[in-house]
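Descriptive structure summary
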Amino acid sequence: MQTLTILALSWQHILIVAVLLVLLFGGKKIPELMRGVGSGIKEFKDAVKEEDKPGSEKKSSTDNNPASNKNSTELMNFTEIAWQVFNTSIEDYHVLDDVNTLINNPFEKDSLERILYAKNWIDTVQWHLEDIIRDENIDPTEALQLKRTIDASNQKRTDLVEFIDSWFLTKYENITPKSDAKINTETPAWAVDRLSILALKVYHMSLEANRESASEEHRQNCQAKLDVLLDQKKDLFTSINQLLTDIENGNVKMKVYKQMKMYNDDSLNPILYQKGQK
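For the structure given in this document, a descriptive report is provided here.

About the cut-offs
Residues numbered from 1 in each chain as written. Predicted model: local features only at pLDDT ≥ 70, side-chain atom pairs only at ≥ 80, totals over all residues. Heavy atoms only, no water. Helix = DSSP H or I, 4+ residues; strand = E, 2+ residues; numbered from the N terminus. Buried < 20%, exposed > 50% of the residue type's maximum accessible area, 1.4 Å probe, protein only. Contact = heavy atoms within 4.5 Å. Areas by Shrake-Rupley, 256 points an atom, 1.4 Å probe, with all protein chains shown as cover. Axes fitted to C-alpha atoms, helices over the stretch in contact; angles between N-to-C directions. Parallel < 35°, antiparallel > 145°, perpendicular 65-115°, else oblique. Nonpolar A, V, L, I, M, F, W, Y, C, P; charged D, E, K, R; others polar. 1 Å grid on protein atoms, 1.4 Å probe; cavity = no way out; pocket = protein on both sides within 12 Å on 5 of 7 lines; lining within 4 Å. Points joined across faces, edges and corners; volume = space filled by probe spheres on them. Core = buried A, V, L, I, M, F, W, Y, C linked by side-chain atoms within 4.5 Å. Polar contact = N/O pair within 3.5 Å; in protein donor to acceptor, adjacent residues only side chain to side chain. Salt bridge = Lys/Arg side-chain N within 4 Å of Asp/Glu carboxyl O. Phe/Tyr/Trp six-rings, centres within 6.5 Å; stacked < 30°, edge-to-face > 60°.

Attention now goes to the overall build of the protein chain. Within the protein chain, the regular secondary structure consists of 8 helices and 2 strands. Secondary structure of the protein chain in N-to-C order comes out as α-α-α-α-α-β-α-α-β-α. Here the protein chain, with 278 residues, has 28% of them falling under the buried criterion. The contacts in the protein chain between residues at least 6 apart in sequence include a share of 72% that link residues at least 24 apart. In the form shown here, the protein chain has an accessible surface area of approximately 19700 Å², with 54% of it arising from carbon and sulfur atoms.

Here's what the structure looks like:
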C-alpha cells in the first residue's frame, strides 16, 4: 500500500481556513473543533502505519468463517462428524426408548454418515438389550430369546465395522505406504467402534450425573466418571485423527483384519455341527 502524502499549507491558506471556521462555527467552538480534527488525523495516520506493517494484510470476511476455510479439514474432521452422527442416532432412539423401534436413517444412501448412523443404532439397541437381560426376574424363555437377539446383533455390528474398514480401504487404495510404514493393530473402523460405544457411555453417564431422583453422592460419583469419559473422548479423537493422517501420508499401512467369529457359524461351532451329525 502506498503511503498518502499530506501537502504542507502556506500561512495564507491557514489564515483563510481560520477565518472560514470563525464565520461558520463561532470563536468558542474553534478549540473543540480543532481537538476533534487533530484526533481524527492522528487516528488516520495510525491506521495507515498499521496497514503498512509487514504481515498486517487486511483480513477478508471469510478469514473468520470456518465454512470458507479449507484448512478446517472440509468444515470438520472425521471424528467430529462421527460424534455428531452417533449422538443423532442415540437421541433418535430415545424418542421412544424401545428396542423394537425400527431404524429410520436420515442420511443419504451410500454416504459415510448413513453407515455410521446404522452402526451406532445397532450399538444403542444392544446397549438396552443388555440392560433388559440383566433383570434377575426375567423369564428364562425371554432371556434365551434376548441372548440370541444379542448374538445376532453382535454379528451385525461386526459385519458393519468390517464394512466401514472396507470403505476406508477404498478411500486409501491409491496411497502407497512408505517402505518403513508401520502396521496398526487396530483398524480405523474398530477405533470408530470404540467411539460409538463411548458416545453411549457419555450419554447415559450424563443422565445419571443429572438424575434428580438419585442421591447427591450418586450424582457426584457419576460426574467424576463422566469427566473421565470426556477425557477419553478427547484422546480417542486425537488418536483416530492421527491414525487417518498417518495412513494418508503413507506412514501407516492400511490393512483390514477380519474378526472370524465362529459361534454364529453352524460349520465352525462344534456344538452346532456335532448336533447336526447325530
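After that view, the rundown keeps rolling.
This part covers the packing of helix H3 (residues 78-93) against helix H7 (residues 216-248). Following both chains from N to C, one finds H3 and H7 inclined at 130 degrees, their axes separated by 9 Å at the closest point. Classified by the angle their axes make, H3 and H7 are oblique. The residues of H7 that touch H3, namely those facing Phe 78, Thr 79, Glu 80 and Trp 83, are Lys 233, Phe 237, Ile 240, Asn 241 and Leu 244. When grouped by side-chain class, the residues that make up the contact of H3 with H7 number 5 nonpolar, 2 polar and 2 charged.

So, on to the side chain of Asp 193. Note that Asp 193 resides in helix H6 (residues 188-209). Apart from the residues lying within four places of it in its own chain, the contact partners of Asp 193 are Lys 119, Asp 123, Arg 157 and Val 161.

For the rest of this paragraph, the subject is empty space enclosed by the protein. All chains considered together, the criterion is met by 1 cavity of 30 Å³ or more. Lining the largest cavity are Asn 184, Glu 186, Thr 187, Pro 188, Leu 243, Ile 247, Val 252, Lys 253, Met 254 and Lys 255. When contributions to the lining of the largest cavity are tallied by element, the ones reaching two or more residues are H7 and strand S2 (252-253). Of the residues in the lining of the largest cavity, the class split is 5 nonpolar, 2 polar and 3 charged.

Before going further, it helps to examine the layout of surface pockets. Here the second largest pocket defines a volume of roughly 300 Å³. What lines the second largest pocket is a set of 13 residues, among which Val 99, Trp 121, Val 125, Ser 153 and Lys 156 lie closest to the centre. Those elements that provide at least two residues to the lining of the second largest pocket are helix H4 (112-133) and helix H5 (140-171). Partitioned by chemical class, the residues of the lining of the second largest pocket number 8 nonpolar, 4 polar and 1 charged.

On to unusual backbone geometry, then. Excluding glycine, a negative phi dihedral is what most residues carry, and trans is how most peptide bonds are arranged. With a phi close to 50 degrees, Asp 97 is a non-glycine residue in the positive phi region. Mapped onto the secondary structure, Asp 97 falls in the loop between H3 and H4.

This part takes up the nonpolar core. Ranked by internal contacts, the top residues of the largest apolar core, which has 44 residues, are Phe 78, Trp 83, Phe 86, Leu 116, Phe 168, Leu 195 and Ile 240. At the level of secondary structure, the elements contributing two or more residues to this core comprise H3, H4, H5, H6 and H7. Beyond its immediate stretch of four places on either side in the chain, Phe 86 contacts Leu 116, Asn 120, Val 192, Leu 195, Ser 196 and Ala 199.

The buried fraction of helix H8 (residues 270-277) amounts to 0 of the 8 residues, a small share that puts the element mostly on the outside. For H8, the N-terminal capping position is held by Asn 269, with its side-chain oxygen 3.0 Å away from the main-chain nitrogen of Ile 271.

Okay, the pattern of salt bridges next. The final tally for this structure, using the stated rule, is 9 salt bridges. For Asp 151, the salt bridge identified is with Lys 147, shortest N-O distance 2.8 Å. Of this pair, Asp 151 and Lys 147 both sit in helix H5, 4 residues apart, which is roughly one turn of the helix. What makes Asp 151 buried here is its relative accessible area of 17%. Here Lys 147 falls in the partly exposed class, since its relative accessible area comes to 41%.

Quick look at the environment of Thr 158 now. As for its placement among the helices and strands, Thr 158 is situated in helix H5. For the pair Thr 158 and Gln 259, spaced 101 residues apart in the sequence, the C-alpha separation amounts to 7.4 Å. In contact with Thr 158, other than residues within four places in its own chain, are Trp 190, Gln 259 and Lys 261.

Okay, the packing of aromatic side chains next. The geometry of an aromatic ring pair comes down to the distance between the two centres and the angle between the two planes. Throughout the structure, instances matching the rule amount to 7 aromatic pairs. Ring geometry for Phe 78 and Phe 168: centres 5.4 Å apart, planes at 75 degrees, overall edge-to-face. Pair noted here: Phe 78 is in helix H3 and Phe 168 is in helix H5, with a separation of 90 residues, a long-range link. Given a relative accessible area of 13%, Phe 78 falls into the buried group. Pairing Trp 167 with Phe 168 gives two aromatic rings, centres 5.2 Å apart and planes at 85 degrees, and the pair type is edge-to-face.

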